[in-house]
Amino acid sequence: MSQKVLLNEKEVNIILHRLACQLIEKHNDFSNTVLIGLQPRGVFLADRIAKILREDYKVKNIQLGHLDITFFRDDFRRGEKPLEANATQINFLVEDKNVVFIDDVLYTGRSIRAALTAIQSFGRPNEIELLTLIDRRFSRHLPIQPNYRGRQVDVINNEKVKVNWKEYDNEDSVYLIEK
Amino acid sequence: MSELSVNHLLGIKYLNKQDIQLIFETADHFKEVINRPIKKVPSLRDITIANLFFENSTRTKLSFELAEKRLSADVLNFSSSQSSVKKGETLIDTVNNILSMKVDMVVMRHPNPGAGVFLSKHVKASIINAGDGAHEHPTQALLDSYSIREKLGDVAGKKVVIVGDILHSRVALSNIFALQLQGAQVMVCGPKTLLPKFIDSLGVKVETDLRKALNWCDVANMLRVQNERMDISYFPSTREYTQQFGVNKELLDSLNKEITIMHPGPINRGVEITSDVADSKQSIILDQVQNGVAIRMAVIYLLASKIKQ
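About the criteria used
- Residues numbered from 1 in each chain as written.
- Chains lettered and ligands numbered in written order.
- Predicted model: local features only at pLDDT ≥ 70, side-chain atom pairs only at ≥ 80, totals over all residues.
- Axes fitted to C-alpha atoms, helices over the stretch in contact; angles between N-to-C directions.
- Helix = DSSP H or I, 4+ residues; strand = E, 2+ residues; numbered from the N terminus.
- Parallel < 35°, antiparallel > 145°, perpendicular 65-115°, else oblique.
- Left-handed = near helix turned anticlockwise from the far one by under 90°.
- Contact = placed C-beta atoms within 7 Å.
- Domains from an automatic or database assignment.
- Nonpolar A, V, L, I, M, F, W, Y, C, P; charged D, E, K, R; others polar.
- UniProt positions renumbered as here; feature names shortened; annotations may be inferred.
- Pairing = 2+ DSSP bridges.

> Explain the packing of helix α5 (residues 138-152) of chain B against helix α6 (residues 170-181) of chain B here, please?
Each pair of packed helices gets described by two things: the angle between the helix axes and the distance between those axes. All names here are of chain B. At a closest axis distance of 8 Å, the pairing of α5 and α6 adopts a crossing angle of 50 degrees. Considered as vectors, α5 and α6 are oriented oblique to each other. Read as a crossing pair, α5 and α6 show a hand that is right-handed. Each of P138, Q140, A141, L142, D144 and S145 in α5 lies in contact with α6, whose residues at this interface are V171, S174, N175, F177, A178 and L179.

Below is the structure:
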């Protein structure tokens, strides 16, 4: 198993700030916007973006939720392992809100498809956008594209993109791992 | 550990501690789901479940049906009073006929102990025991323990007394197994005639004085006197039973601590429990009902995930 650094800590930091600025450009004061981190790994990115918006750009009233899509996935009973759920924490309705889904890696698009269904349990949003740190090009199974992307990478099928976060993995970095 | 060790839920005695932990953790997620504005998830779209009730039930049947529908399963309901069972059809024939309609899972309540185990050996479907005679009622015990965990933080180390008709109760037996598996201490309390012989061989304390039992426990699970299962008289009168084994507000207030009151339902108000106790803040009876749906969703989900396509 070999691995290659795609992004180091400095590059991750620059990209996160750029993504935060792009969100501000579109959503102004976030008065009608909610950020939704997708479980399991998207919530780390969502928490970080929300922190940057609050602390570095002084945006108040950021509404942040975590959405688990396990029960909405299309591969129940199809894999070897059972699907394990994570916690959903959404303490608000998304009715008429502008929702931004946040996930670390966009690959086949199936997770986002599940999230689009799952979010309907919390109301009918005005619009839904997608922010991802890494966009794996040419690997989509569904017609889904990000509105905000950190870095686009070309990855072949036996390779995996691993995003690390300081809070949980001791460093901010993105690796390309060959299985 | 993210998979149950069993393919059927026939009784608590077939589960291990990790299974119960997994069911509770999964139920936590479903409890959040059933408190959403839209309380439904599509996980079991391609699963069909038959609810076979060979004995009367209100709450368990509704709770299972709701859990199945919240998971988007297709549901068939069957009750023996309106079926060919009355015409002499055997259990296996009845179930195989239903299964030939491509049913993946069977939830069954049956008056005969061991009916679920018997069925699981003869048919190809995942079986959930929703009560078999005076044997086991595993989902009730799971939701009882889950409610204790929710109210008191943990089941381990807690003292739980089960009061009433232990002899005819499947809830009592499943609760004893489930509580002991999780490290709780269990006591049974009731008139001697309604305590099974050799109940102490299960490692439970036995008490016939309700006040002593309540002073000992953290949680009291009050059971109904199952008159429909009694062929002889086990105590002189209902009034005398209530005087000795009924919980009222006065008795609770005179204890040296505040205990939690549970009841699996249906309640006979004024017999084993008075209305002011059943409706008090010490009572978690309605929480048990709500948790029942989440627990049953968890059990169905986890068993369904083991049915291969």
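> Just to check I follow, could you spell out the domain arrangement of chain B for this structure?
When the parts of a complex come together, some accessible area is lost, and that lost area is often taken as the interface size. All names here are of chain B. By domain assignment, chain B separates into domain 1 (12-136 + 289-304) and domain 2 (138-288). Domain 1 and domain 2 are separated by 25 Å when their C-alpha centres are compared. Contact with domain 1, which involves 23 residues of that partner, is made by 23 residues of domain 2. Secondary structure elements with two or more residues in the side of domain 1 that touches domain 2: α1 (17-33), β4 (126-132) and α11 (285-304). No other element matches α11, which puts 7 residues into the side of domain 1 that touches domain 2. Looking at the side of domain 1 that touches domain 2 residue by residue, the class counts come to 10 nonpolar, 7 polar and 6 charged.

> Looking at this structure, I do not really get the interface of chain A and chain B. What am I missing?
Contacts between the two partners involve 19 residues from chain A and, on the opposite side, 16 residues from chain B. Class assignment of the residues belonging to the side of chain A that touches chain B gives a composition of 9 nonpolar, 5 polar and 5 charged.

> What exactly am I supposed to notice about the UniProt feature "domain: Phosphoribosyltransferase" (unreviewed entry) in chain A here?
Summarizing the sequence annotation, UniProt attributes the feature "domain: Phosphoribosyltransferase" (unreviewed entry) to residues 4-158 of chain A in the numbering used throughout. Annotation note: span residues 4-158 of chain A, helix share 27%, strand share 27%, distance between end C-alpha atoms 14 Å.

> Would you mind going over the sheet that holds strand β8 (residues 219-222) of chain B with me for this structure?
Within a beta sheet, neighbouring strands are joined by backbone hydrogen bonds and run either parallel or antiparallel to one another. Residue and element names in this part refer to chain B. Strand order in this open sheet of 5 strands is β7-β6-β5-β8-β9, and the pairing throughout is parallel. With one partner strand each, in any of the chains shown, β7 (205-207) and β9 (260-262) form the two edges of the open sheet. Adjacent strand axes in the sheet meet at a mean angle of 25 degrees, parallel and antiparallel pairs treated alike. For strand β6 (residues 185-189) and β7, the ladder comprises 3 bridges, and the chain directions are parallel. What sits directly across from C189, in β7, is E207.

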